[in-house]
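Fold and contact review
Chain residues, written in single-letter form:
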Amino acid sequence: AEDVDFNNKSEEVLNCTYNGDDITIGFNSRFINEMLNNLDTESVRLELSSANRAGLISPIYNETREESIIMLVMPIMLS
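In this convention, every chain numbers its residues from 1, walking through the sequence in written order. Totals for whole chains, interfaces and linings use all residues, but because this is a predicted model, local features are given only for residues with pLDDT of at least 70 and pairs of side-chain atoms are given and counted only at 80 or more. Processing note: side-chain calculations cover all non-hydrogen atoms of the structure and skip hydrogens and water entirely.

**Regarding the overall build of the protein chain**
On a plain count of helices and strands, the protein chain comes out with one helix and seven strands. Reading the helices (α) and strands (β) of the protein chain from amino to carboxyl end gives β-β-β-α-β-β-β-β. Throughout, a contact is declared for two residues whenever any of their heavy atoms are within 4.5 Å. Of all intrachain contacts in the protein chain linking residues separated by at least 6 positions in sequence, the fraction that spans at least 24 positions is 35%. Note on areas: Shrake-Rupley with a 1.4 Å probe; residue coverage comes only from the protein chains shown. About 7,300 Å² of surface is accessible on the protein chain, with carbon and sulfur atoms providing 45% of the total. Working definition: helices are DSSP H or I runs of at least four residues, strands are E runs of at least two. Numbering for both runs from the N terminus.

Following this line, the structure appears as C-alpha coordinates:
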(Lines give C-alpha, C1' and ligand atoms only; values in the text may rest on other atoms or scores of the structure.)
Protein backbone atom coordinates (compact mmCIF):
# COMPACT_ATOMS: atom_id res chain seq x y z
CA ALA A 1 0.00 0.00 0.00
CA GLU A 2 1.18 3.52 -0.64
CA ASP A 3 -0.21 6.89 0.47
CA VAL A 4 1.56 9.52 -1.60
CA ASP A 5 -0.06 12.43 0.29
CA PHE A 6 1.42 11.34 3.63
CA ASN A 7 4.53 9.66 2.22
CA ASN A 8 3.61 6.25 3.72
CA LYS A 9 4.29 2.91 2.06
CA SER A 10 3.81 -0.70 3.10
CA GLU A 11 4.43 -4.05 1.44
CA GLU A 12 3.55 -7.55 2.62
CA VAL A 13 4.83 -10.87 1.34
CA LEU A 14 2.66 -13.97 1.80
CA ASN A 15 3.66 -17.62 1.64
CA CYS A 16 1.92 -19.36 -1.23
CA THR A 17 2.10 -21.93 -3.95
CA TYR A 18 2.29 -20.10 -7.26
CA ASN A 19 2.40 -21.34 -10.86
CA GLY A 20 3.05 -18.94 -13.71
CA ASP A 21 5.08 -15.90 -14.70
CA ASP A 22 5.92 -13.16 -12.19
CA ILE A 23 3.16 -10.58 -11.74
CA THR A 24 3.02 -7.26 -9.87
CA ILE A 25 -0.51 -6.39 -8.78
CA GLY A 26 -2.09 -4.26 -6.05
CA PHE A 27 -5.38 -4.55 -4.20
CA ASN A 28 -7.10 -2.35 -1.63
CA SER A 29 -6.29 -4.07 1.67
CA ARG A 30 -9.62 -3.10 3.23
CA PHE A 31 -11.49 -5.05 0.53
CA ILE A 32 -9.24 -8.10 0.95
CA ASN A 33 -9.63 -8.03 4.75
CA GLU A 34 -13.41 -7.73 4.48
CA MET A 35 -13.60 -10.68 2.09
CA LEU A 36 -11.30 -12.91 4.16
CA ASN A 37 -13.15 -12.07 7.40
CA ASN A 38 -16.35 -13.46 5.84
CA LEU A 39 -14.83 -16.88 5.14
CA ASP A 40 -14.65 -19.75 7.66
CA THR A 41 -11.47 -21.29 6.25
CA GLU A 42 -7.75 -21.07 6.94
CA SER A 43 -6.68 -21.39 3.28
CA VAL A 44 -7.94 -19.56 0.21
CA ARG A 45 -7.23 -19.67 -3.50
CA LEU A 46 -6.42 -16.37 -5.23
CA GLU A 47 -6.61 -16.68 -9.00
CA LEU A 48 -4.94 -14.00 -11.13
CA SER A 49 -4.57 -13.69 -14.90
CA SER A 50 -2.88 -10.30 -15.36
CA ALA A 51 -2.17 -7.11 -13.41
CA ASN A 52 -5.09 -5.20 -14.95
CA ARG A 53 -7.79 -7.86 -14.44
CA ALA A 54 -9.84 -8.80 -11.40
CA GLY A 55 -8.69 -11.54 -9.04
CA LEU A 56 -10.90 -14.36 -7.76
CA ILE A 57 -10.84 -15.43 -4.11
CA SER A 58 -12.41 -18.72 -3.04
CA PRO A 59 -12.02 -21.01 -0.02
CA ILE A 60 -9.93 -24.14 -0.57
CA TYR A 61 -11.82 -26.14 2.06
CA ASN A 62 -15.50 -25.27 2.07
CA GLU A 63 -17.06 -26.28 5.41
CA THR A 64 -20.59 -25.74 4.14
CA ARG A 65 -21.13 -28.09 1.21
CA GLU A 66 -24.54 -26.58 0.39
CA GLU A 67 -22.99 -23.20 -0.33
CA SER A 68 -20.18 -22.19 -2.65
CA ILE A 69 -18.65 -18.74 -2.82
CA ILE A 70 -16.34 -16.92 -5.23
CA MET A 71 -15.33 -13.33 -4.49
CA LEU A 72 -14.15 -10.84 -7.11
CA VAL A 73 -11.56 -8.21 -6.16
CA MET A 74 -10.51 -5.45 -8.54
CA PRO A 75 -6.86 -4.38 -8.76
CA ILE A 76 -5.67 -0.85 -8.12
CA MET A 77 -3.21 1.09 -10.26
CA LEU A 78 0.39 0.90 -9.03
CA SER A 79 2.80 3.71 -9.78
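**Points about the pairing of strand β5 (residues 55-59)**
With four of five residues buried, β5 lies mostly within the body of the structure. Only strands joined by at least two bridges in the DSSP assignment are considered to pair. The pairing of strand β4 (residues 44-47) with β5 spans four bridges and is antiparallel. Residue pairing in the sheet places Glu47 in a bridge with Leu56 of β5. In this scheme, a residue with accessible area under 20% of its type's maximum is buried, one over 50% is exposed, and one in between is partly exposed, where area comes from a 1.4 Å probe on protein chains only.

**Some remarks on the sheet that holds β4**
A sheet is described by the order of its strands in space; here three strands give the open sequence β4-β5-β6, paired in antiparallel fashion. At either margin of the open sheet sits one strand with a lone partner, and together these are β4 and β6 (71-73). Pairs of neighbouring strands in the sheet enclose a mean axial angle of 25°, with direction left out of account. Here three bridges tie β5 to β6, and the two strands are oriented antiparallel to one another. Axes here refer to lines fitted to C-alpha atoms; in helices the fit is confined to the stretch in contact. Angles between the N-to-C directions go from 0 to 180 degrees.

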